[in-house]
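Residues per chain are reported as follows:
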Amino acid sequence: MLGRLGRRFGLSPIPLYLLAGLAFGQGGLVSLRASTEFTAVGAQIGVVLLLVMLGLEYSADELVGNLRSAAPAGLIDMLLNALPGAAFALLLGWDWKAALVLAGITWVSSSGVIAKVLGDLGRVGNRETPVILSVLVIEDLAMAFYLPVVTAVLAGLGLASGLSTLSVAVVTVVAVLVVAIRYGGEISRFMSVKDPEALLLSVLGLTLFIAGVAGELKVSEAVGAFLVGIAISGPVAHHATQMLTPLRDLFAAVFFVFFGLSTNPADIPPVLLPALGLAVLTMLTKVLTGYLAARRVGIALPGRIRAGLALMPRGEFSVVIAGLAVAYGVDAQLAALATAYVLITVVTGPLLARLPDYAWFKEILRKRMAAQRATQKPLPSTE
């Protein structure tokens, strides 16, 4: 019902799932203690499926190509959006671990929500859309290195163990990219698309196995799943996406509900104003990120604004990062802040992304562009 309600009003259902968890978790309207073990396992599977589906959207060649061309935009994105989160945590009196976690929460935009918004608004073919997608790809790839670091820090590993975990993560990511580029076709051909049942079990089984191994190595289950998705390409990736989508939707909903269940609603009011302030600040920095990234490739003012507004929503990755912090017992207020922050950005982001389609907003941009042209000096005559 909540999923249908969200889509009826053109909103992501993520905030509604979070609210459902808040309503029925500890301190909620009605506390439901049943099936907690199933819900916890389902939430883990939800994270894994979210990330493998994200990996299936990219090929290794696309990732490497985007890494080369969009690296400057990715660096700007990290500086403008991760640093405010870290600074905010320190201003609230939290330790450096919480600062590292909050930096990730404010850094990464929601690929799923943004892709849906671009499709709903008919902007998939727009000139600024490749810029938006390049920024998202850089963020997703960066998470393959960020998540192992956060996992090692939250687990309380020492410097040597932490460096070892990071080294394993770096070697694993590079090795998977190399294998996917050189042998991705052979891997995909091994999984025949002629037998849907075998293909589903192969992809799902391989994903859960690699995610489990990654978790044992302290690299993060999410990273392992993401790399499996990257390694699969061609028709196999297309068919696997079609078959896994219903499972992803089911267990992703369980994950978001579970995160809400693990957050006490009574913890949210004290952090609501800080969450609102952080949301406003980092939505502005995301607009600036998209603006600068689009300007860098010569896109006009309306496209720059559309790119910036589209990047504002945070969602699945922010909740995954916050979930790691909750699992390792970081400050309880962090989960409440993350929940409020995601609720604010994932609801207001898609609404604000529609601004460039309104006539009055287009008129403002038109006048702005006319004023810019009027102030430009004419080129000297060559006659």
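Naming follows an unreviewed UniProt entry, where the protein chain appears as Cation:proton antiporter of Actinoplanes subglobosus. Per its UniProt entry, the protein chain bears the Subcellular location (unreviewed entry) comment "Membrane".

1. Here's the deal with the nonpolar core
Grouped together as the largest cluster of nonpolar side chains are 113 residues, with contacts concentrated most on Leu51, Leu102, Leu147 and Phe256. By residue number, the principal contributor to this core is helix α8 (residues 129–154), which donates 13 residues. Discounting residues that sit within four places of it in the chain, Phe256 has contacts with Ile14, Tyr17, Leu18, Leu50, Glu316 and Val319.

2. Here's the deal with the packing of helix α6 (residues 96–107) against helix α15 (residues 316–327)
Remark: α6 packs on α15, axes separated minimally by 8 Å, with the N-to-C direction vectors making an angle of 165°. On the basis of the axis angle, α6 is roughly antiparallel to α15. In the packing of α6 onto α15, the handedness of the crossing is left-handed. Where α6 approaches α15, its residues Val101, Gly104 and Ile105 are matched on the opposing element by Ser318, Ile321, Ala322 and Ala325. Across the contact of α6 with α15, the residue classes tally to five nonpolar, two polar and no charged.

3. Looking at the packing of aromatic side chains
Following the criterion strictly, the structure yields two aromatic pairs and no others. Ring centres of Trp107 and Tyr146 lie 6.3 Å apart, and the angle between their planes is 85°; on these two criteria the pair is classed as edge-to-face. Of this pair, Trp107 sits in helix α6 while Tyr146 is found in helix α8, placing the two residues 39 residues apart along the sequence. An identical accessibility class is assigned to Trp107 and Tyr146; each is buried. With centroids separated by 5.7 Å and ring planes inclined at 80°, the aromatic side chains of Trp360 and Phe361 adopt a geometry described as edge-to-face. Relative accessible area serves as the criterion here: at 15%, Phe361 is assigned to the buried category.

The rules we used
- Residues numbered from 1 in each chain as written.
- Predicted model: local features only at pLDDT ≥ 70, side-chain atom pairs only at ≥ 80, totals over all residues.
- Heavy atoms only, no water.
- UniProt positions renumbered as here; feature names shortened; annotations may be inferred.
- Core = buried A, V, L, I, M, F, W, Y, C linked by side-chain atoms within 4.5 Å.
- Buried < 20%, exposed > 50% of the residue type's maximum accessible area, 1.4 Å probe, protein only.
- Helix = DSSP H or I, 4+ residues; strand = E, 2+ residues; numbered from the N terminus.
- Contact = heavy atoms within 4.5 Å.
- Axes fitted to C-alpha atoms, helices over the stretch in contact; angles between N-to-C directions.
- Parallel < 35°, antiparallel > 145°, perpendicular 65-115°, else oblique.
- Left-handed = near helix turned anticlockwise from the far one by under 90°.
- Nonpolar A, V, L, I, M, F, W, Y, C, P; charged D, E, K, R; others polar.
- Phe/Tyr/Trp six-rings, centres within 6.5 Å; stacked < 30°, edge-to-face > 60°.

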